[in-house]
Amino acid sequence: MSLKKINTVLAAAGILFILYIGMSYVLTPETTAPGFGLPSWPSGDGGGFLILKGIRDIVSGLVLSVLLLTGHRRALGWVLLVEALTPFGDMTNVLAHGGSATVAFSVHGLTAALVVVTGLLTLRETRRVTAAPVPALR
């Protein structure tokens, strides 16, 4: 299997995953939120913040989808690297607020690492290969 096909499968799986997570936070935040890893959740009308997280995830997935579907693979690689900051930020947020270290590293940290790997592989696939110089004949 070619590197391009592997990268396409990895990117598509990541896109479907983040779209699923985003939709889960928008449609059923009360059942999805406990898996995030924080020790407590907003009280009162704080559920609106969970929907914001869902919208953020949906938009992230849509941006990646547009780049994948339009064939802008080099841009896709760079955007994947940038978007890896989101799960990394989620991980540090969970750790900073006394949340579950297990969830922080196994869910958010692993997600960030997988997104970085996919981004780097995509950039490797799209790097420009230069031909070796041809020696001059005498």
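The protein is annotated in an unreviewed UniProt entry as DUF4267 domain-containing protein from Amycolatopsis cynarae.

Caption draft 1: Inspection of the overall build of the protein at higher detail. In terms of helices and strands, the protein carries six helices and zero strands. Ordered by position in the sequence, the α and β elements of the protein form the string α-α-α-α-α-α. For the protein, the C-alpha radius of gyration of 19 Å lies well beyond 14 Å, the compact-globule estimate for 138 residues. If one aligns the C-alpha atoms of the protein with their principal axes, the spans along those axes are about 85 × 30 × 25 Å. Partitioning the contacts of the protein with sequence separation of at least 6, the portion at a separation of at least 24 is 72%. Accessible surface computed for the protein: about 8,700 Å², of which carbon and sulfur atoms make up 71%. Side chains of the protein give 10 positive and 6 negative charges; the mean places of these two sets differ by 25 Å.

Caption draft 2: Inspection of the confidence of the model for the protein at higher detail. The share of residues in the protein with pLDDT of 70 or more is 95%, and the mean pLDDT across the chain is 90. For the protein, the element scoring lowest by mean pLDDT is helix H2 (residues 29-32), at 83; helix H4 (residues 73-83) scores highest, at 96.

Caption draft 3: Representation of the packing of helix H3 (residues 47-69) against H4. Look at H3 against H4: their axes get within 8 Å of each other, and the N-to-C directions meet at 160 degrees. Between H3 and H4, the angle is such that the two are roughly antiparallel. The handedness of the crossing between H3 and H4 is left-handed. Facing Ser 60, Val 63, Leu 64, Leu 67 and Leu 68 of H3, the residues of H4 in contact are Arg 73, Ala 75, Leu 76, Val 79, Leu 80 and Glu 83. Classifying every residue of the contact of H3 with H4 by side-chain character gives eight nonpolar, one polar and two charged.

Caption draft 4: The UniProt feature "transmembrane region" (unreviewed entry) in the protein, seen in detail. What UniProt calls "transmembrane region" (unreviewed entry) maps, in this numbering, to residues 7-27 and 102-123. The span residues 7-27 is 100% helix and 0% strand, and its two end C-alpha atoms sit 30 Å from each other. Summarising residues 102-123: 100% helix, 0% strand, and an end-to-end C-alpha distance of 30 Å.

Caption draft 5: Molecular detail of the packing of H4 against helix H6 (residues 101-126). Running from amino to carboxyl end, H4 crosses H6 at an angle of 155 degrees, the nearest separation of the two axes being 8 Å. It follows from the interaxial angle that H4 and H6 lie roughly antiparallel. For the crossing formed where H4 meets H6, the hand is left-handed. Residues Arg 73, Arg 74, Leu 76, Gly 77, Trp 78, Leu 80, Leu 81 and Glu 83 of H4 form the contact with H6, whose participating residues are Val 115, Val 116, Thr 118, Gly 119, Leu 120, Thr 122, Leu 123, Glu 125 and Thr 126. Among the residues making up the contact of H4 with H6, the classes are represented as eight nonpolar, five polar and four charged.

Caption draft 6: Spotlight on the side chain of Ser 24. Take Ser 24: it is sitting in helix H1 (residues 3-27). Judged by its relative accessible area of 12%, Ser 24 is buried. Excluding anything up to four places from it in sequence, Ser 24 contacts Pro 29 and Thr 32.

Caption draft 7: Up close: the pattern of salt bridges. For the structure on display, the rule yields four salt bridges. One salt bridge connects Asp 57 with Arg 56, and the closest N-O pair in it is separated by 3.4 Å. Ionic pairing is found between Asp 90 and Arg 56, a salt bridge with its closest N-O pair at 3.1 Å. Taken together, the residues Asp 90 in helix H5 (residues 85-96) and Arg 56 in helix H3 connect sequence positions 34 residues apart. Judged by its relative accessible area of 10%, Asp 90 falls in the buried class. Owing to a relative accessible area of 31%, Arg 56 belongs among the partly exposed residues under this scheme. The network of salt bridges with shared partners includes Lys 53, Arg 56, Asp 57 and Asp 90.

Cut-offs applied
- Residues numbered from 1 in each chain as written.
- Predicted model: local features only at pLDDT ≥ 70, side-chain atom pairs only at ≥ 80, totals over all residues.
- Heavy atoms only, no water.
- Helix = DSSP H or I, 4+ residues; strand = E, 2+ residues; numbered from the N terminus.
- Rg over C-alpha atoms; globule rule 2.2 N^0.38 Å.
- Contact = heavy atoms within 4.5 Å.
- Areas by Shrake-Rupley, 256 points an atom, 1.4 Å probe, with all protein chains shown as cover.
- Lys, Arg positive; Asp, Glu negative; His and termini not counted.
- Charge placed at Lys NZ, Arg CZ, Asp CG, Glu CD.
- pLDDT = per-residue confidence, 0-100.
- Axes fitted to C-alpha atoms, helices over the stretch in contact; angles between N-to-C directions.
- Parallel < 35°, antiparallel > 145°, perpendicular 65-115°, else oblique.
- Left-handed = near helix turned anticlockwise from the far one by under 90°.
- Nonpolar A, V, L, I, M, F, W, Y, C, P; charged D, E, K, R; others polar.
- UniProt positions renumbered as here; feature names shortened; annotations may be inferred.
- Buried < 20%, exposed > 50% of the residue type's maximum accessible area, 1.4 Å probe, protein only.
- Salt bridge = Lys/Arg side-chain N within 4 Å of Asp/Glu carboxyl O.

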